[in-house]
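Chains, contacts and geometry: an overview
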Amino acid sequence: MKKLMTIVLMAIAIMSANAQNIQLHYDFGRHLYPDQEENRQSATITLEQFKADKWGSWYYFVDVDLSNKFVEGAYTEISREFNIGKKGFAAHVEYDGGLNRFGSYQQAALLGGAWNGHNADFSKTYSVQLMYKRYFKSYEYTSAYNSFQLTGVWGLNFGKSFTFSGFIDFWRGEDADGHGQLVILSEPQLWYNANKHLSLGGEIEISNNFIYNTYDDKSFFINPTLALKWNF
C-alpha cells in the first residue's frame with residue numbers, strides 16, 4: 001500500500017478537529033502473483049491521523065510491513081495544508097519516505113496546491129492536488145530527478161453503515177535506465193462501519209509502472225486486501 005488518505009477523515013476532522021485510526025490489512029498479492037510478487041508482505045499495519053486547525057490541516061500515515069520473522073519496512077507520508085481563502089483552496093507541502101531491512105525507500109518532497117470540498121452534510125467529500133515532486137538519491141541504484149504528481153481523493157458515505165473512499169495518483173517516474181514514464185496508483189476502499197469504532201472491509205491496490213518485475217517486465221498489478229479498522 002502506498003497511502004490511505006481517506007477524505008472521510010477530513011470530514012470528521014472538520015467537525016472534531018482530530019481523527020485517527022489503526023488498520024490491519026491482509027494482502028493477497030503474493031498469492032495472486034507468486035512469480036512476480038513473491039517478496040510482497042502479506043500483513044500491513046497502518047496508522048493514520050488527520051488534524052485540522054485554524055490555519056489548515058496536518059495529515060500523516062505510517063505503513064508497517066510484517067513477515068513471520070521481521071518488521072520488513074516502514075513507509076510514511078506527512079503533509080501540511082495552509083488554507084487560502086474560503087473556497088476550499090490550500091497550499092500543500094508533503095514528505096514521502098521510509099526504511100526497510102535492506103536500506104531506504106526513495107525519498108521525495110512535494111509542493112503545490114489543493115482544492116478540497118464537500119456537500120452540506122459531509123457525506124460526499126473530495127480533494128484534488130497538483131504538485132511539483134522532487135525525488136532524492138536514496139541509494140546507489142536511484143537518482144535525483146524532478147517530477148510532478150496529480151492526486152484525487154474521494155469519500156462517500158451511503159446506506160447508513162458503508163463508506164467508499166480512496167485515492168488515485170498520477171506521477172512521472174523513471175525506469176532503471178532513467179527513461180520517464182507515467183506511474184498510476186489507486187487504492188479504492190470499501191468499509192462496513194459496524195459501530196463508531198470498528199470497521200470491516202478492505203481495499204484494492206491498482207497500479208501501473210509502480211511495481212517492477214525482473215522476470216517478465218510485468219508492470220500492471222491488482223492487489224486486493226481484507227482489513228479491520230479501529231477508529232479512535
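None of the values given here were measured: they were computed from a predicted structure. (Residues numbered from 1 in each chain as written. Predicted model: local features only at pLDDT ≥ 70, side-chain atom pairs only at ≥ 80, totals over all residues. Heavy atoms only, no water.)

Comments concerning the pattern of salt bridges
The condition is simple: We define a salt bridge as a side-chain nitrogen of Lys or Arg found within 4 Å of a carboxyl oxygen belonging to Asp or Glu. Only DSSP runs of H or I with at least four residues qualify as helices, and only runs of E with at least two residues qualify as strands; both kinds are numbered from the N terminus onward. Remark: exposure states derive from per-residue accessible area (1.4 Å probe, protein chains only) relative to the maximum for the residue type, with buried under 20%, exposed over 50%, and partly exposed in between.
Within the structure shown, the criterion is met by 4 salt bridges. For Asp-27, the salt bridge identified is with Arg-40, shortest N-O distance 3.0 Å. You can see Asp-27 sitting in strand β1 (residues 18–27) and its partner Arg-40 sitting in the loop between α2 (29–32) and β2 (43–52), a full 13 residues away along the chain. The exposure classification of Asp-27 matches that of Arg-40, with both residues buried. Measuring nitrogen to oxygen at the nearest pair gives 2.7 Å for the salt bridge that ties Arg-80 to Asp-53. Of this pair, Arg-80 sits in strand β4 (residues 71–84) while Asp-53 sits in the loop between β2 and β3 (56–66), and the two are 27 residues apart along the sequence. Taken together, the shared-partner salt bridges connect Asp-27, Arg-40 and Glu-205 into one network.

Considerations on the side chain of Ser-207
Here is the rule we go by: Contact definition: two residues touch when any of their heavy atoms are within 4.5 Å.
With respect to the element layout, Ser-207 can be found in strand β13 (residues 198–208). Not counting residues up to four positions away in its chain, the partners in contact with Ser-207 are Ile-184, Leu-185, Ser-219, Phe-220 and Phe-221.

Things to note about the pairing of strand β8 (residues 124–135)
Basically, it comes down to this: DSSP-based pairing: two strands are paired if at least 2 bridges between them are found.
Only one face of β8 is covered, namely the one carrying Thr-125, Ser-127, Gln-129, Met-131, Lys-133 and Tyr-135; the face carrying Lys-124, Tyr-126, Val-128, Leu-130, Tyr-132 and Arg-134 has none of its residues buried. In terms of strand pairing, strand β7 (residues 108–118) meets β8 through 11 bridges, oriented antiparallel. Among the inter-strand pairings, Ala-114 is bridged to a residue of β8, identified as Gln-129. Adjacent in sequence and paired antiparallel, β7 and β8 are bridged by 5 residues, among which Phe-122 carries a positive phi angle near 65°.

Some thoughts on a nonpolar patch on the surface
To be explicit about the condition: Patches in this entry comprise residues that are over 30% relatively accessible and not in a salt bridge; like charges within 9 Å are linked, as are nonpolar side chains (Val, Leu, Ile, Met, Phe, Trp, Tyr) within 5 Å. In these tables, accessible area is a Shrake-Rupley quantity obtained with a 1.4 Å probe, and a residue counts as shielded only by the protein chains included in the view.
On the surface, a nonpolar cluster with roughly 640 Å² of combined accessible area is contributed by Ile-84, Phe-89, Trp-115, Tyr-126, Val-128, Leu-130 and Leu-150. No other element matches the 3 residues that β8 contributes to the nonpolar patch. Tracing the backbone through its elements, the reader meets Trp-115 in strand β7.

Observations concerning the nonpolar core
The nonpolar side chains of soluble globular proteins are, as a tendency, buried together. Basically, it comes down to this: In these notes, a set of buried Ala, Val, Leu, Ile, Met, Phe, Trp, Tyr and Cys residues joined through side-chain atoms within 4.5 Å is what counts as a nonpolar core.
Formed by Ala-108, Tyr-135, Tyr-145, Val-153, Phe-167, Trp-171, Val-183 and Leu-185, the largest nonpolar core amounts to 8 residues. Broken down by secondary-structure element, the contributors of at least two residues to this core are β9 (145–158), β10 (162–174) and β11 (180–186).

So, unusual backbone geometry
The phi dihedral of Phe-122 falls on the positive side, at around 65°, and the residue is not glycine. Relative to the helices and strands, Phe-122 resides in the loop between β7 and β8. Positive phi is not limited to glycine here, since Lys-160 has a value of about 70°. When you line up the elements, Lys-160 lands in the loop between β9 and β10. Here Lys-160 falls in the exposed class, since its relative accessible area comes to 89%.

Description of the environment of Pro-224
Considering the arrangement of structural elements, one finds Pro-224 in strand β14 (residues 220–231). Owing to a relative accessible area of 23%, Pro-224 belongs among the partly exposed residues under this scheme. Here the alpha-carbon distance between Pro-224 and Tyr-26, two residues 198 residues apart in the chain, equals 8.5 Å. With near-sequence residues (within four places) excluded, Pro-224 lies in contact with Tyr-26, Asp-27, Phe-28, Leu-32, Glu-203 and Ile-204.

A closer look at the packing of aromatic side chains
For the record, the criterion: The rule is short: rings of Phe, Tyr and Trp, with Trp giving its six-membered ring, pair when the centres are within 6.5 Å, and they are stacked under 30 degrees, edge-to-face over 60, tilted in between.
Taken as a whole and judged by the stated rule, the model has 11 aromatic pairs. For the ring pair Tyr-33 and Phe-221, a centre distance of 5.0 Å and an interplane angle of 80° mean the geometry is edge-to-face. Highlighted residues: Tyr-33 in the loop between α2 and β2 and Phe-221 in strand β14, separated in sequence by 188 residues. Across the pair, exposure class does not vary: Tyr-33 and Phe-221 are buried alike. Members of the aromatic cluster, each reached through a chain of ring pairs, are Phe-61, Tyr-75 and Tyr-105.

Some remarks on the pairing of β9
Sheet analysis places β8 next to β9, joined by 12 bridges and oriented antiparallel. What sits directly across from Lys-133, in β9, is Ser-147. Taken together, the 10 bridges between β9 and β10 define a ladder with antiparallel strand orientation. The residue bridging Val-153 from the neighbouring strand is Phe-167, located in β10. Connecting β9 to the antiparallel partner β10 that follows it, the hairpin turn spans 3 residues, and Gly-159 within it adopts a positive phi of roughly 60°.

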